[in-house]
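This is what each chain is made of:
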Amino acid sequence: MSQAKNNIIKHAQLNWSDQSEPYSTMFDDIYFNNNQGHCESQYVFFEGNDLAQRWGNFKQKQFCIVETGFGSGLNFVNSAQQFINFRKNNIDKPLQRLHFISFEKYPLTSNDIQLSLQKLPQFSELLDSLVVQYPMPLLGCHRLFFDGGNIILDLWFGDINKQIDNLSNEHNGIADAWYLDGFNPNTNPDMWHLILFKKMVALSKPQATLATFTAAGFVRRALNEAGFTMLKRKGYGKKREMLVGQLPESTSIDGHAINPIDDRRTIIKEAIKTVPNVVNDIAIIGGGIAGLCTALALAKRDHKVTVYCSDKTLGSGASGNLQGALYPLLNERHDALGQLFSNAYQFALNFYQDINQRHPFAHQFNGLIQLAYDSSSTKKLQKIKTAGLPEQLVHWIDANSTNQLAGVEIDHPALYYPRAGWLSPRQLIISLAHLLAEYDNVTIHCDHHIEQIYYDQDAKNKNNDQWILKRKLPSTSTNTSAKDMIDLSIHAMAHQNQTESATENTGIFKHQTLVIAAGFDSLNFQQCRAVPLSAARGQVSHIESTPELTALKRTLCHEGYLTPAIAVQHCMGATFKRHDSDTAYRETEQNDNHQKLKKCISDKTWVDNIVLNDQAHTAIRCTTRDHFPYVGELTDYDSLKKSYEMNGSINYPIASLPNAYLLTGLGSRGLCSAPLLAEILASKINKESLPVAKYIDEKMKIPRQWLSYINKNKPLKS
C-alpha cells in the first residue's frame, strides 16, 4: 500500500486572481501573467536559446527541448507553434521534427490548462489537441503527438529529481536546449540545485543551450559548476536580468562528462565514429496489430518499412477477433507493471481515437465493468480500489450502479473503467492497412511465410549490415497495390508500392534491420528459439443477440468477458488453455465460455437463455511468466550461452544481434499495450529518448529471464 501511495500523482491546487491568472497556493506564485505570459515565454525561453537561428542551421532531423516544469503548458504551445511556423517557411531544411520533454510534479487538470490558455487564441488548435490528449494524473511518461506527429511531447508526471533519472540516454545525449522553468527559486528550491544541474549536463548534447527567467546568484554559480557557461542577459519587462548558458563543445559525450584536460577535438572525433549508422530499411515479420503499429511508428519517422505476413490476410491470428476488451492491467501497488499498463492504456486510447478519425472502425469506449463475482475476485479488486488511482481511470461501484451502467441485471459490485470498452481488432486491422497505404515508404507482403532468417556476415565485413529473409514459396502470390485493393469483407491487405526486386521469385529478401513481431511464431526462428514464451489457446464464442442481450450497454469482464452487440452478434469468451497451440474449433470450449458466465452471473434468465452455436474465433495468445512483454534489441543468445557454459559467467554488456529487434509476449492485453510498445521500439530504432521509464524498460528486455536462470545456476536451453 505504501508503495502505491508513493506512486500517486496529485493535481496542482489553484486559485485564480482577479485577472483570471492561475495562482499556485503551494508555491505562492502565479504560473504566468495574462498580459505578458506569451511574450515572456517567447523572450526568455525561445529567444534565450536562440532557437530560430539554430533551427535554420540544424543538420539533423529532430531537435529536442527539455523543460523542467510544464506548468500551464504555455512554453510548450508557444514553442510548438513556432516550430509549425518554421516548418511552413523552411520546407527544404533538414529539421523535420520537434521532441519536447517536460516534467511536472503537480500537474494542472485539463480544465485548468484550458482556462489558463484560453485567452491566447493563436494557440487554440494546439490547445484543443493538448486538452483532448491530456493524460490522467499517473506517474511516469505520457507521449502526445501534434501536427501530424511532427511534434512529440513527452510529459513526465512526478518529481523531476527522480524522474530525470528515468530518461533513457544511450545516444550521445538527449537535450539540444533546456528551458529551466519553475516557480521562484526561493519558494521552490527543490528544482534549483547542483545535483539536478549535473544530471542535466549528463543528458545534454554537445553545445546544448539553456535559458531561465531567474538571475539568482546561487543558481548561476551552480549551473557554472555543473558545466554550463552562464551569462546574464536583460530580463523581460520589469525584470532586470535573466540567465542564458551553453555547454562547451565537448562537455558531454554519450552522456558522460569529459575532463577539461582531455584533448576535446580527438574525443569528439572518436565519439562521432561510434555513432551507429542511420537505419532506413526495416523488415517487420508479423502482420498483426503489433507489427502494423510498429510499421506505422517507423513510417512516421521516414524509414522504409516492409511487412511480411505469413497469412493470406493481415490479422488472421490473435489480432483477428471480432471484438476485444480494452482496459489496463492494474494492481494494488501500482508498481512497474501497473504503471506500464495504465500509461499504455492512455496512449492506446489516444492512438485509437486518432486512427478512428481518419479511418473509422467499430468500437465503443463508453466504459467497462470488471465484476466482483465471488470472495476471491472481490478481495483482488478491492485491493486495486484502495491503491488511490485516479477515478477517471478506475473506481468502485456498488451492485445497483453495476446494473444501471450495464443495462442488464447482474447484482454484483465492480470496478468501473469509465473510458474503457471494446473495439473490433478485425476492423482495426483494416483501418491500419488503410493508413499505411498512405505512406509511400511502406510495403506489405501477405502470404509471405518467412521460414528462415540469418545475418549476412560478408555484408557486415563491408560495413553494410544486412539481414537475409528466406521465404517459403507458395504456388501463387497475393501481392497487389494497397491503393487498388482493400477488401473490407475479409479484412485483407496486400500492399506493394514498389517494384518487385529480382529476389522475389527466389524467395530471398535483404534488409538492413529486422523486427520480429510474430507472436508465438517468433519461436520458429533460430535466433528466438529460447525466448521464454508460452502459448495460451483462446476460443471466443460469437453468439446471436436476443432482446435481453441487446440491452447490454457496456463491456463486462469476469473470468471471461461479454461485449455489447456488433452487427447483431456478441463476443463471449475467452477460454485460456495453457501450452495449447491448436486452433481448431472445439464445441466443449463454447460450453466453457457459457458456463463461466453462468458461474459469475448466476440465476439470471438473460444469461441462461443465451443460445450457443458453432461460430467462434480461435487464436493463440503469446504469454510471458512475469506478464511483461519482450521489447527491444534481440540478444545474441548463442553468444550468451557460450560465455555462461565456458566461464560460468557472462560478459557485459550483453551482446545483441546487429540491427535486430523483438516485440512479442503481449498476452491477453495486447490491445492495451501494442500501440505504446510499438512506439517504444520505434524510439529505440530511431535513437530517441523512450516514452517509458528506464526501470520499466529494463523489465521488458529480452535476456531478463535467461539472466534469472544464470543467477540461480540453472542450465540454459539448447
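Since the structure is predicted, the reported quantities are computational estimates derived from the model, not experimental observations.

A.B. asks: Hey, could you run me through the overall build of the protein chain in this one?
C.D. replies: Summing up its helical and strand segments, the protein chain has 23 helices and 36 strands in all. Looking at the 718 residues of the protein chain, the share that counts as buried comes to 58%. As displayed, the protein chain has an accessible area near 30100 Å², and 47% of this comes from carbon and sulfur atoms.

A.B. asks: Help me understand helix α13 (residues 375–385) in this model?
C.D. replies: Side chains of residues three or four places apart in an α-helix project in the same direction, reflecting 3.6 residues per turn. Those residues of α13 lying buried are Ser377, Thr378, Leu381 and Ile384. The buried residues of α13 occupy an angular sector of 120° when the element is viewed end-on, so they sit on one face. Across α13 from its buried face, at more than 90 degrees, point the exposed residues Ser375, Ser376 and Lys379. Buried-residue contacts for α13 involve β18 (368–371), β19 (395–397) and β20 (414–417). At the N-terminal boundary of α13, the capping side chain belongs to Asp374, with an oxygen 3.3 Å from the backbone nitrogen of Ser376.

A.B. asks: Quick question: what am I supposed to make of helix α4 (residues 74–89) here?
C.D. replies: For α4, which comprises 16 residues, the first-to-last C-alpha distance of 23 Å matches the rise-based estimate of 22 Å (1.5 Å per residue) to within 8%. Within α4, the full set of buried residues consists of Leu74, Asn75, Phe76, Val77, Asn78, Ser79, Ala80, Gln81, Phe83, Ile84, Phe86 and Arg87.

A.B. asks: Help me out: how do you make sense of the sheet that holds strand β27 (residues 508–511) in this one?
C.D. replies: The strand order β23-β24-β27 describes an open sheet built from three strands, whose pairing is antiparallel. With partners counted over all chains shown, the strands left at the sheet margins are β23 (449–455) and β27, one partner each. Each strand of the sheet is rotated relative to its neighbour by a mean of 25°, with strand direction disregarded.

A.B. asks: Looking at this structure, I do not really get the packing of aromatic side chains. What am I missing?
C.D. replies: How two aromatic rings sit relative to each other is given by the distance of their centres and the angle of their planes. Taken as a whole, this structure holds 22 aromatic pairs when the rule is applied. For the pair Phe58 and Phe63, a centre-to-centre distance of 5.0 Å together with 70° between the ring planes defines the contact as edge-to-face. Three or more aromatic residues joined by ring pairs make a cluster, and in this case those are Phe45, Phe70, Phe76, Phe100, Phe146 and Tyr179. Across from the ring centre of Tyr43, 4.2 Å away, lies the NZ or CZ of Arg233, which sits over that ring.

A.B. asks: Just to check I follow, could you spell out the nonpolar core for this structure?
C.D. replies: Among soluble globular proteins, nonpolar side chains are generally buried collectively. Formed by 165 residues in total, the largest nonpolar core has its most connected members in Trp55 and Tyr352. If you tally residues by element for this core, the top one is helix α12 (residues 336–358), at 12 residues. Counting 31 residues, the second largest nonpolar core, distinct from the first, contains Ile453, Trp467, Phe509 and Leu640.

A.B. asks: Even after reading the chapter, I still don't get the side chain of Thr313, so can you show me in this structure?
C.D. replies: Structurally, Thr313 is set in the loop between β15 (304–308) and β16 (324–326). A distance of 2.7 Å separates a polar atom in the side chain of Thr313 from a polar atom in the side chain of Ser316.

A.B. asks: Would you mind showing me how to read the packing of helix α11 (residues 289–299) against helix α21 (residues 670–685) here?
C.D. replies: Two packed helices can be described by the angle between their axes and the distance between those axes. Where α11 meets α21, the closest approach of the two axes is 8 Å, and the angle between their N-to-C directions is 40°. In terms of their interaxial angle, α11 and α21 are classed as oblique. For the element pair α11 and α21, the recorded crossing hand is right-handed. Note on element contacts: α21 touches α11 through Leu671, Ala674, Pro675, Ala678, Glu679, Leu681, Ala682 and Ile685, opposite Ile289, Ala290, Cys293, Thr294, Ala297 and Leu298. Residues that form the contact of α11 with α21 fall into these classes: 12 nonpolar, one polar and one charged.

A.B. asks: What am I meant to see in the pairing of strand β6 (residues 140–146) here?
C.D. replies: Across a regular strand the side chains alternate sides, sitting on one face of the sheet and then on the other. In terms of residue burial, β6 counts as a mostly covered element, since six of its seven residues are buried. Where β6 and strand β7 (residues 151–157) come together, seven bridges link them in antiparallel fashion. Residue pairing for β7: Cys141 is matched across the bridge by Trp156. Joining the antiparallel neighbours β6 and β7 is a turn of four residues, in which Asp147 adopts a positive phi near 55°.

A.B. asks: Sorry if this is basic, but what is going on with the environment of Cys309 here?
C.D. replies: Among the secondary structure elements, Cys309 is positioned in the loop between β15 and β16. Residue classification places Cys309 among the buried positions, given a relative accessible area of 3%. The sequence separation of Cys309 and Ile285 amounts to 24 residues, and the corresponding C-alpha distance is 6.5 Å. Each residue touching Cys309, except ones within four places of it in the same chain, is listed here: Gly287, Leu314, His445, Cys446, Asp447 and His448.

A.B. asks: Could you clarify how one ought to interpret the environment of Lys105 in this entry?
C.D. replies: Within the secondary structure, Lys105 sits in the loop between β5 (97–104) and α5 (110–117). Once the C-alpha coordinates of Lys105 and Thr68 are considered, the two residues, 37 residues apart in sequence, prove to be 9.9 Å apart. In this structure, Lys105 is in contact with Ile9, Lys10, Gly158 and Asp159, ignoring residues within four places of it in sequence.

A.B. asks: In this structure, what is going on with unusual backbone geometry? I would like to understand it.
C.D. replies: Note on backbone geometry: most residues besides glycine have negative phi, and most peptide bonds are trans. Between Gly573 and Ala574 the backbone carries a cis peptide bond, its omega angle lying at -15°. Positionally, Ala574 belongs in the loop between β32 (569–573) and β33 (577–578). Between Tyr652 and the following residue, Pro653, the backbone shows a cis peptide bond with an omega angle of -5°. Turning to its location among the elements, Pro653 is positioned in the loop between α20 (637–647) and β36 (656–664). Here the phi dihedral of Asp603 falls at roughly 60°; this positive angle occurs in a residue that is not glycine. Looking at where Asp603 falls in the secondary structure, it is placed in the loop between α18 (587–600) and α19 (605–608).

A.B. asks: Mind showing me how you'd approach the sheet that holds β16 here?
C.D. replies: Sheets are built from strands that pair by backbone hydrogen bonding, the pairs being arranged parallel or antiparallel. On the basis of which strands lie adjacent, the open sheet formed by three strands has the order β16-β21-β17 and antiparallel pairing. Of all strands in the sheet, those bounded by a partner on one side alone are β16 and β17 (363–364). Bridging between β17 and strand β21 (residues 421–423) involves two bridges; their strand directions are antiparallel. Along β21, the bridge assignment pairs Gln364 with Trp422.

A.B. asks: Mind showing me how you'd approach the confidence of the model for the protein chain here?
C.D. replies: It should be kept in mind that the predicted coordinates are not to be read in detail where pLDDT is low. Of all residues in the protein chain, 87% attain a pLDDT of 70 or more, and the chain-wide mean is 89. Predicted confidence is poor over residues 251–277, with pLDDT under 50, and the contacts of this stretch with residues over four places away or in other chains come to 33 contacts. Low confidence marks residues 477–502, where pLDDT is under 50. Its contacts with residues over four positions away, or in another chain, come to 70 contacts.

A.B. asks: Please explain the environment of Arg333 as it appears in this structure.
C.D. replies: In this fold, Arg333 is placed in the loop between β16 and α12. Along the sequence, Arg333 and Ala387 sit 54 residues apart, while their C-alpha atoms lie 6.5 Å from each other.

A.B. asks: Hey, could you run me through the pattern of salt bridges in this one?
C.D. replies: When charged atoms on two side chains of opposite charge get close, those side chains can pair. The full count for this structure, using the stated rule, is 27 salt bridges. The salt bridge partner of Glu679 is Arg143, with a shortest N-O separation of 2.8 Å. Of this pair, Glu679 sits in helix α21 while Arg143 sits in strand β6, and the two are 536 residues apart along the sequence. A single burial state applies to Glu679 and to Arg143, both of which are buried. Between Lys604 and Glu409 there is a salt bridge, with its nearest N and O atoms 3.7 Å apart. Of this pair, Lys604 sits in the loop between α18 and α19 while Glu409 sits in the loop between α14 (399–406) and β20, placing them 195 residues apart in sequence. Taking the relative accessible area as the measure of exposure, Glu409 reaches 46% and is therefore partly exposed. A cluster of three or more residues bridged by salt bridges with shared partners is formed by Arg143, Asp154, Arg301, Glu679 and Glu688.

About the cut-offs
Residues numbered from 1 in each chain as written. Predicted model: local features only at pLDDT ≥ 70, side-chain atom pairs only at ≥ 80, totals over all residues. Heavy atoms only, no water. Helix = DSSP H or I, 4+ residues; strand = E, 2+ residues; numbered from the N terminus. Buried < 20%, exposed > 50% of the residue type's maximum accessible area, 1.4 Å probe, protein only. Areas by Shrake-Rupley, 256 points an atom, 1.4 Å probe, with all protein chains shown as cover. Arc of directions from axis to C-beta. Contact = heavy atoms within 4.5 Å. Polar contact = N/O pair within 3.5 Å; in protein donor to acceptor, adjacent residues only side chain to side chain. Expected span 1.5 Å × (residues − 1). Pairing = 2+ DSSP bridges. Axes fitted to C-alpha atoms, helices over the stretch in contact; angles between N-to-C directions. Phe/Tyr/Trp six-rings, centres within 6.5 Å; stacked < 30°, edge-to-face > 60°. Lys NZ or Arg CZ within 6 Å of the ring centre and 35° of its normal. Core = buried A, V, L, I, M, F, W, Y, C linked by side-chain atoms within 4.5 Å. Parallel < 35°, antiparallel > 145°, perpendicular 65-115°, else oblique. Left-handed = near helix turned anticlockwise from the far one by under 90°. Nonpolar A, V, L, I, M, F, W, Y, C, P; charged D, E, K, R; others polar. pLDDT = per-residue confidence, 0-100. Salt bridge = Lys/Arg side-chain N within 4 Å of Asp/Glu carboxyl O.

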